[in-house]
Each structure stands twice: as structure tokens, then as C-alpha cells.
Amino acid sequence: MAGSATGSREHALVRLEGIRRHFPVYRGNVLRRQTGTVKAVDGISINIMPGETYSLVGESGCGKTTTSRMLLMADQPTEGDIYFDNRPMKHFSGAERRNFKASVQAVFQDPWSSLNPRMRVDQIIAEPLITHQRLSRSAVRAQVQELLQVVGLHPFHAERYPHEFSGGQRQRIAIARALSTRPKLIVLDEPVSALDVSIRAQILNLLKELQSTYELSYLLIAHNLATVRYMSHTVGVMYLGKIVEEAPPIELFTNAQHPYTRALISASLPAHPRRQREEIVLAGEVPSPINPPAGCTFHPRCPFVMERCSADVPALVEYTPRHFTACHLYADGGKNTC
């Protein structure tokens, strides 16, 4: 990667450098043999800056969630390094690993499945506090009540169970639990996609307010481009395990360069019903990550395909300041060679 739109790598809270995650595919129950490899994430490098939101967008199966799992230490990279506060995570000591787990939390898509239905709200929020800090019972109770108020709930909600709340309220509980350890980074995996449209804006506004108040960094995984545009400081577009474009949201949505990014934006609803937009229909289906195409993996579907696209892998280069594109159309210093 020639650089990063997210800023100086030395000042990044999190750096992913050349990350790959490949899964072997086996056939047979007795005499098992490897028949292929799923290239879920295939050599990405991103920087997440303090107090900012980095968003990953792309079709299902492009590697967004696998990337977040590696950052949460739920999965290990096949290749590459992940740095947190300029320390390689693979060299963390036991104490550093415990500190990392307190500093990085997650809020998932479905608040119902991520909350234990047998635990009261105060127990759900207090669990990370008890795990990572030595606090008295009264101190834990006070922090739980404070966190409930911070996310827009009331202290008396602490005695209730998850089934007694609406979807939006349950997501507020999940956010309060994530905040309990005072993290530096929260991974947001489709945090509003399971909520009613009327509630989504409330949760997104809450997340932005909390980011400003606590100087939080977010890694946002999302399909909804309106959510991405509203929340992000930098957007990375993924296709078949690779970053194909990266830019600030205003630049990306008004001046997208990669044909795949243009197609994604074309497929989303316009901000206003009268606004005209380019309609782009991609040919074919997303290739299998077990046997991705040679060269540029997007070339079988690209309307601007050239001969070199099927042989050479395009590098992610700076098209304009802070705008990076992996496409042979812009191979010569950002100049369109088509």
C-alpha cells in the first residue's frame, strides 16, 4: 500500500499492515485432504486514528467481519501485523493482552442475541467492570447507573431483563456495556441495521455524541451507505478481501473512482428522490473467494476492463490527496490511462 488516507501511521491508534486471513477447505470425513483456500482477507493495510471512525463497506462475504474479528483477537491473521498503540499485538504479554481487551470493545448487529436473556441489565453492564477492574459493589452500582444515563436510559432500568426493552433500548444497553471499561476503540458491526428506521438516527447520534465526549475511535462495518456517510472520517471499500478504494466520505461519495465503488453508490438510495444518479448494473456474480480471478479480482465484472487487468494486480495508489484507488485506470500517478 502506497500510503493511507487515514493519516500518519505513527499516530494511528490501530494499524493493520498486510493482513491476510486464509481458511483451508477440506474434503472427506476420514481421509481429509485440502482442496482449496478461502482468501477471506487478502492483504489489506488500514489506519484507525484516535477519535475517528474508519468504515468498511462492501458486499456480503468481502471480508469486513473477518477483519473485525482479527482486530478483536477472535481470529488470528495468516500473514501481516496488527499494531495497537504502536505495539504489535502478536507480541503482547499477558498484561498487555488483558489491557487490550479492556481497551477494545464491540457492539453487534442484533442486540437481542448479544445480551444474555437470563441476566439483569445491571449484571450485563457490570460484567466487564468486574472482569477488568477491582471495584467495590457500591462503586460498580454507581458506574452502572451512570452508564445507563449516559446512553439515555434510567437508573431503574438496571433491575429489568433484556426482553422488557425495545430493540433500540437493547442496543443502548449494549453500548453501555461496551463503554463500561472506558475503551479507546469500539468495533461497530452493523449497529443499526436490525433497528426500525425511526430509531436508527437516534442510535447514530448517540454514537457520535459518545465519540466526541470520550474521544472514541470506531471501526464501523456497514452496508448502508447513508450510515457510512454520516458516521465516517475515512471509508475503505472492500471487494473479495482487498481494499479497492479509500477516501474521506465526502470525497468518496462525490468523486468515487473505482468502478466497483461507483456501482455500490449507484445501487444505494439517493439523498433526495429528485436527485439524478448514474445507474450502473454490474455483470455476473461475485467470484468465489476459493478461486478468485487472477490480476484485478474485479475485472470479470468491470465495464472498463483492459487487457492488463486479467494479469496484473493493481496497487492501491494515491489518486488525489487522501484518496487511494486500486485500479489500472489510474496507474500512472492518478492519471486515467483508459
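About the cut-offs
Residues numbered from 1 in each chain as written. Predicted model: local features only at pLDDT ≥ 70, side-chain atom pairs only at ≥ 80, totals over all residues. Heavy atoms only, no water. UniProt positions renumbered as here; feature names shortened; annotations may be inferred. Helix = DSSP H or I, 4+ residues; strand = E, 2+ residues; numbered from the N terminus. Rg over C-alpha atoms; globule rule 2.2 N^0.38 Å. Buried < 20%, exposed > 50% of the residue type's maximum accessible area, 1.4 Å probe, protein only. Lys, Arg positive; Asp, Glu negative; His and termini not counted. Charge placed at Lys NZ, Arg CZ, Asp CG, Glu CD. Phe/Tyr/Trp six-rings, centres within 6.5 Å; stacked < 30°, edge-to-face > 60°. Core = buried A, V, L, I, M, F, W, Y, C linked by side-chain atoms within 4.5 Å. Contact = heavy atoms within 4.5 Å. Axes fitted to C-alpha atoms, helices over the stretch in contact; angles between N-to-C directions. Parallel < 35°, antiparallel > 145°, perpendicular 65-115°, else oblique. Left-handed = near helix turned anticlockwise from the far one by under 90°. Nonpolar A, V, L, I, M, F, W, Y, C, P; charged D, E, K, R; others polar. Arc of directions from axis to C-beta. pLDDT = per-residue confidence, 0-100. Pairing = 2+ DSSP bridges.

As recorded by an unreviewed UniProt entry, the protein chain carries the name Oligopeptide transport ATP-binding protein AppF and is attributed to Geodia barretti. In its Sequence similarities (unreviewed entry) section, the UniProt record describing the protein chain reads: "Belongs to the ABC transporter superfamily."

What to know about the overall build of the protein chain
Helix and strand counts for the protein chain stand at ten helices and twelve strands. For 338 residues, the compact-globule estimate of 2.2 N^0.38 gives 20 Å, and the protein chain sits close to it at 21 Å. In terms of overall dimensions, the protein chain has C-alpha extents of about 70 × 60 × 45 Å along its principal axes. Buried residues in the protein chain amount to 48% of all 338 residues. Distance from the positive charge centre (38 side chains) to the negative charge centre (31 side chains) of the protein chain: 5 Å.

Considering the packing of aromatic side chains
Taken as a whole and judged by the stated rule, the model has six aromatic pairs. Arranged with centres 5.1 Å apart and planes meeting at 90 degrees, the rings of Phe84 and Phe100 form a pair that is edge-to-face. Placement of Phe84 in strand S4 (residues 79-84) and of Phe100 in helix H2 (residues 94-103) is noted, with a sequence separation of 16 residues between them. Phe100 carries the same exposure label as Phe84, and that label is buried.

Quick look at the nonpolar core
With 53 residues, the main nonpolar core has Ile125, Ile173, Ile175, Leu179, Ile186, Leu207 and Tyr218 as its most contacted residues. Among the elements that take part in this core, helix H6 (residues 167-179) stands out by supplying six residues, more than any other. In this structure, Ile125 is in contact with Val144, Leu147, Leu148, Ile173, Ala176, Arg177 and Ser180, ignoring residues within four places of it in sequence.

Observations regarding the packing of helix H4 (residues 121-132) against H6
A pair of packed helices is captured by two measures, namely the crossing angle of their axes and the spacing between those axes. Taken N-terminus to C-terminus, the directions of H4 and H6 make an angle of 30 degrees; their axes are 7 Å apart at the nearest point. Regarding the angle of H4 to H6, the classification is roughly parallel. With respect to the hand of their crossing, H4 and H6 are arranged in right-handed fashion. Where H4 approaches H6, its residues Val121, Ile124, Ile125 and Pro128 are matched on the opposing element by Ile173, Ala176 and Arg177. When grouped by side-chain class, the residues that make up the contact of H4 with H6 number six nonpolar, no polar and one charged.

What to know about H2
For H2, the set of buried residues is Phe100, Ala102 and Ser103. Take H2 and look down its axis: the buried residues cluster within an arc of 160 degrees, on one side only. Looking at the buried positions of H2, the neighbouring elements they touch are helix H1 (64-71), S4, strand S6 (104-107), H4 and strand S7 (185-189).

What about the confidence of the model for the protein chain?
Per-chain confidence: the protein chain averages 89 in pLDDT, with 91% of residues scoring 70 or above. When mean pLDDT is compared element by element in the protein chain, strand S8 (residues 217-221) scores highest at 98, while helix H3 (residues 111-114) scores lowest at 82.

Quick word on the sheet that holds S8
If you walk across this open sheet you meet the eight strands as S6-S7-S8-S3-S9-S10-S12-S11, and the pairing is mixed. Two strands in the sheet have a free side with no partner beyond their single neighbour: S6 and strand S11 (317-320). When strand polarity is set aside, the average angle formed by the axes of neighbouring strands in this sheet is 25 degrees. One ladder, built from four bridges, connects strand S3 (residues 53-57) with S8; its direction is parallel. Residue pairing across strands places Thr53 opposite Tyr218, the latter belonging to S8. Contacts between helix H7 (residues 197-214) and the sheet are confined to S3, S7 and S8, with S8 contributing the most and set at about 155 degrees to the helix.

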